[in-house]
Amino acid sequence: MSHSQATEKLMVELRDLNKWYGEFHVLKNINLEVKQGEKIVICGPSGSGKSTMIRCINRLEEHQKGDIIVNDIPLNEDIKNIEAIRKEVGMVFQHFNLFPHLTVLENCVLAPIWVKKMPRKEAEARAMELLERVKIPDQALKYPGQLSGGQQQRVAIARSLCMNPDVMLFDEPTSALDPEMIKEVLDVMIELANEGMTMLCVTHEMGFAKTVADRVIFMDGGQIVEENEPHEFFNNPQHERTQLFLSQIL
Ligand code: ADP
Ligand code: MG
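Here the structure is a predicted model, which means the values were calculated and not measured.

Reading guide: rules and limits
- Residues numbered from 1 in each chain as written.
- Chains lettered and ligands numbered in written order.
- Predicted model: local features only at pLDDT ≥ 70, side-chain atom pairs only at ≥ 80, totals over all residues.
- Heavy atoms only, no water.
- Axes fitted to C-alpha atoms, helices over the stretch in contact; angles between N-to-C directions.
- Helix = DSSP H or I, 4+ residues; strand = E, 2+ residues; numbered from the N terminus.
- Parallel < 35°, antiparallel > 145°, perpendicular 65-115°, else oblique.
- Left-handed = near helix turned anticlockwise from the far one by under 90°.
- Contact = heavy atoms within 4.5 Å.
- Nonpolar A, V, L, I, M, F, W, Y, C, P; charged D, E, K, R; others polar.
- Pairing = 2+ DSSP bridges.
- Near = heavy atom within 4 Å.
- Polar contact = N/O pair within 3.5 Å; in protein donor to acceptor, adjacent residues only side chain to side chain.
- Areas by Shrake-Rupley, 256 points an atom, 1.4 Å probe, with all protein chains shown as cover.

Draft legend 1. Spatial organisation of the packing of helix H5 (residues 149–161) against helix H6 (residues 179–194). Two elements in contact, H5 and H6, have axes separated by 8 Å at closest approach and are oriented at 20°. If you check the angle between H5 and H6, you find them roughly parallel. Considering how the two elements wind past one another, H5 and H6 form a crossing that is right-handed. For the pair H5 and H6, the contacting residues are Gly149, Gly150, Gln151, Gln153, Arg154, Ile157 and Leu161 in the first and Met181, Glu184, Val185, Val188, Met189 and Leu192 in the second. Residue classes in the contact of H5 with H6 are distributed as seven nonpolar, four polar and two charged.

This is the structure we're talking about:
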């Protein structure tokens, strides 16, 4: 579809990534290179390890074996590296995860003020810019509970962008939304993609994948079973498990 905006620079590298939950081997030898500006869509059955994989990238989960490198910073025990990576990686969850007792604006300025030490005035100006970009500047002084799900998810995206991330991770951002709100969130994600953001999106929105993705990755049983550019992935899936999965969701 759209021509790729990917540069040669590697933004996220996963090398022989392995993770266990206790005895359970949840990620098995994952290898993935994501270039700056590249958009990756990750799909696969429930329980296949999609969330775990992307949560490892900003250390919401710890991996036990292999390497994760974000923008040339290795993710290891060094707290300085973990903090540096978290500043570069934005994340949007299925259930928004906004602070319910803070206004939309306060949700957006919290991390820039406390983590980046940005002056409040500057943080608020930047937050308002981003709330305009996601088309809800008029909701800035409301509390999350006063907003629709689609509006809350757009706040969550704006809040992440306030930290000026180099990479955005999305974990089923539209799965908890009513159908009429899915498009407003996908439209914001499509705009972000067009602006050149590096994105890893776990989603089963195959229309989004076809429009935006440079590559679609199919996971099953903790492994990357298949990956391809969207046209080939959807029209000519190679593995039986991919074919079965696609036949169930398309
Ligand atoms: P997906 O996002 O593809 O649905 P997850 O990454 O959430 O898959 O989960 C992969 C597997 O790991 C599932 O079998 C799930 O039950 C298990 N799992 C997820 N989180 C934990 C946890 N904190 N402790 C133990 N097992 C977990
Ligand atoms: Mg998940």
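Draft legend 2. Structural context of the sheet that holds strand E4 (residues 65–70). Sheet architecture is open: four strands sit in the order E2-E1-E4-E5, paired in antiparallel fashion. Each edge of the open sheet is held by one strand with a lone partner, namely strand E2 (24–35) and strand E5 (73–74). Here E4 pairs with E5 via two bridges, running antiparallel. Along E5, the bridge assignment pairs valine 70 with isoleucine 73.

Draft legend 3. Molecular detail of the site of ligand 1. Residues in close proximity to ligand 1 include Tyr21, Phe24, Val26, Pro45, Ser46, Gly47, Ser48, Gly49, Lys50, Ser51 and Thr52, which together make up its full environment. Glycine 49 is positioned with one of its backbone polar atoms (N or O) 3.0 Å from an oxygen atom of ligand 1. Contact with the protein chains removes 58% of the 560 Å² of surface that ligand 1 exposes when unbound. When contributions to the shell around ligand 1 are tallied by element, the ones reaching two or more residues are E2 and helix H1 (50–57). Here the shell around ligand 1 gets three residues from one element, more than from any other, and that element is H1.

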